[in-house]
Amino acid sequence: ADLKINHANLVGQGNDMSILINSTDGRNLIVCGHNEETYSTDAFLALPKFTTKTGTYEYYAMSVGDSDQFRGALVGFVVIVINEDNTDVRVTPTQNVVTFFGINTLITAGDTKRRRRAKIGEVFTFAAASGDLTGTRVTADKPITFLTGHQCGFIPTENNGCDILLEQIPPTETWGFQFVVTPLETREGSGFKLVASQNETFVQVSCNNEMNNSVISKMFTLDVGKSYFEIYPKSYWCFVESNHPLLVAIISLADPFLLMVPPLEQLNNNYTLVFTQNNNIGSDSEAVNFVPYINFIIPAEYYNNGNLELTYNGTTLDTIGIEFFQVKNSEGSIVAYGASYKPPIDPTTEYDIFTALYTGEGSTLGVLVYAFARNTAYGYPGGMKLDYIPGQIAIMPTQPSQVQGA
């Protein structure tokens, strides 16, 4: 189904709204949100309401892309949607923000704002006075929907064009320790950003380019709410591992989007994917045709235990020609295999539906969805589990050689 919603101003109080989407017959739903502003698109995978194992709901914002030229005019934001009545919410921003807890209020960076007994469906928006809101902490005593991003991020900051960045973030107890960060097709490079949920988080980043056998390796420490951002050349597949849970996202350059990367611990093996293909979001309502891509990630232990099966609008696709590359850790061991795939599309349709299945008992598969058009792009994770993951593992070597944290 296609549900059209009129434009909602992410930093304006008057147009904030929430929509409850519920399955009435017990079957699972796949819900993807697409922003369709003129030449400024992004998408997010809508995560279902669920009760955490610990009964706590903690979130950290992620954003990137401020520009000196437009500082204060195009800013980072956080959006909170209340899922249950009588919810207690606390927000501690990393930048000065204007908040809409019923009235416009300025909150100083580092101060905590509390809203008691919020009602189901209420929407609270926070806009940075300047800069992005990465590391902003939000806690609640009941489930909430937490969206984060930037009105129009410039990546790199000296870039002349910007796009909205938008993603729904899960609570920290579902964050993981191991990630595969993929390159993006047609881009000369891509960025990725990490946010830590605990102090003294040791992070190892290992990137390899099978085309020229080159390797990039970095190790650093992050404290709670701190972040690391890096831009890497094209064709590098990166493996990220840590001793405490991380939030990881890929950021497209030039035509930016924010794409949350599910940890290897939260992969499924069966996905339904939705592509926006032909929308009237260009100037003067001209049609914009997106070129879609799917990136696949298969953990090494499952690579030879199953087969990748794809369908497009119900028709089985040939996957024999998909080329997988090795993804290695800091010791040179293969931890996963990754591939980029350009699926067939019908340029006359508005939406295309794909399914991806990796067969084999116990096998898992990671799927990242993204698409480019003239002056715009979008990306989102194809799906993920939301299991509880304990907060610490002992996998990291001695002391890091580099200390980071913005």
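Rules used throughout
- Residues numbered from 1 in each chain as written.
- Predicted model: local features only at pLDDT ≥ 70, side-chain atom pairs only at ≥ 80, totals over all residues.
- Heavy atoms only, no water.
- Disulfide = S-S within 2.5 Å.
- Helix = DSSP H or I, 4+ residues; strand = E, 2+ residues; numbered from the N terminus.
- Polar contact = N/O pair within 3.5 Å; in protein donor to acceptor, adjacent residues only side chain to side chain.
- Contact = heavy atoms within 4.5 Å.
- Pairing = 2+ DSSP bridges.
- Axes fitted to C-alpha atoms, helices over the stretch in contact; angles between N-to-C directions.
- Phe/Tyr/Trp six-rings, centres within 6.5 Å; stacked < 30°, edge-to-face > 60°.
- Buried < 20%, exposed > 50% of the residue type's maximum accessible area, 1.4 Å probe, protein only.
- Core = buried A, V, L, I, M, F, W, Y, C linked by side-chain atoms within 4.5 Å.

S.K.: Where do I start with the state of the cysteines in this structure?
M.R.: A covalent bond between the sulfur atoms of two cysteines is referred to as a disulfide. In the structure shown here, the tally under the stated rule is one disulfide. Paired by a disulfide, Cys207 and Cys238 hold their sulfur atoms 2.0 Å apart. When the S-S torsion is 110 degrees, as for the bridge of Cys207 with Cys238, the disulfide is right-handed. With Cys207 in strand 15 (residues 201–209) and Cys238 in strand 18 (residues 237–252), this residue pair connects regions lying 31 residues apart in the sequence.

S.K.: Teacher, can you tell me more about the side chain of Thr182 here?
M.R.: Of note, Thr182 is situated in the loop between strand 13 (176–181) and strand 14 (189–196). A distance of 2.7 Å separates polar atoms of two side chains, one belonging to Thr182 and the other to Asn295. Apart from the residues lying within four places of it in its own chain, the contact partners of Thr182 are Ser190, Tyr236, Trp237, Ile250, Asn295, Ile297 and Leu368.

S.K.: Which parts of the structure should I look at to understand the side chain of Glu58?
M.R.: If you trace the backbone, Glu58 turns up in strand 3 (residues 57–60). At 2.8 Å, the side chain of Glu58 and the side chain of Arg137 are in polar contact. Not counting chain neighbours up to four residues away, the residues in contact with Glu58 comprise Arg137, Val138, Thr139, Pro171 and Thr172.

S.K.: Please clarify how the sheet that holds strand 24 (residues 308–312) should be interpreted in this entry.
M.R.: By definition, the strands of a sheet pair up through backbone hydrogen bonds, in either a parallel or an antiparallel sense. Read across the sheet, four strands follow the order 20-28-24-25 without closing on themselves; strand pairing throughout is antiparallel. Each of the sheet's edge strands pairs with one partner strand only, and the pair in question is strand 20 (270–276) and strand 25 (315–317). Shown here is a sheet whose adjacent strand axes are inclined to one another by a mean of 25 degrees, direction ignored. Relative to strand 28 (residues 351–358), strand 20 runs antiparallel, the two sharing seven bridges. Paired with Leu273 across the strands is Phe354, a residue of strand 28.

S.K.: Is there a simple way to explain the packing of aromatic side chains in this structure?
M.R.: Within a pair of aromatic rings, the relevant descriptors are the distance that separates the centres and the angle that separates the planes. Applying the stated rule across the entire model yields 16 aromatic pairs. Taking 6.2 Å as the distance between ring centres and 35 degrees as the angle between the ring planes, the aromatic pair formed by Phe257 and Tyr370 counts as tilted. Note that Phe257 is positioned in the loop between strand 18 and strand 19 (258–260) and Tyr370 in strand 29 (residues 366–373), a separation of 113 residues in sequence. Under the relative-accessibility criterion, Phe257 is labelled buried at 0%. For Tyr370, a relative accessible area of 0% corresponds to the buried category. For the pair Phe257 and Phe372, a centre-to-centre distance of 5.9 Å together with 35 degrees between the ring planes defines the contact as tilted. Highlighted residues: Phe257 in the loop between strand 18 and strand 19 and Phe372 in strand 29, separated in sequence by 115 residues. As far as burial versus exposure is concerned, Phe257 and Phe372 are alike and both buried.

S.K.: I would appreciate a short explanation of the nonpolar core in the present structure.
M.R.: Within soluble globular proteins, side chains that are nonpolar generally end up buried alongside one another. Judged by nonpolar contacts, the single largest core of 105 residues is most densely connected at Ile80 and Phe296. Every residue in contact with Ile80, bar those within four places of it in the chain, is listed here: Val89, Val91, Glu122, Val123, Phe124, Phe126, Val138, Ile144, Thr145 and Phe146. Counting residues in each nonpolar core, the second largest holds seven residues, with Phe44, Val79, Val81 and Leu166 among its members.

S.K.: Explain the pairing of strand 5 (residues 87–92) to me, please; I cannot follow it from the model alone.
M.R.: When strand 5 meets strand 8 (residues 113–118), the two strands line up antiparallel, connected through four bridges. Within strand 8, the position partnered with Thr87 by the bridge is Ala118.

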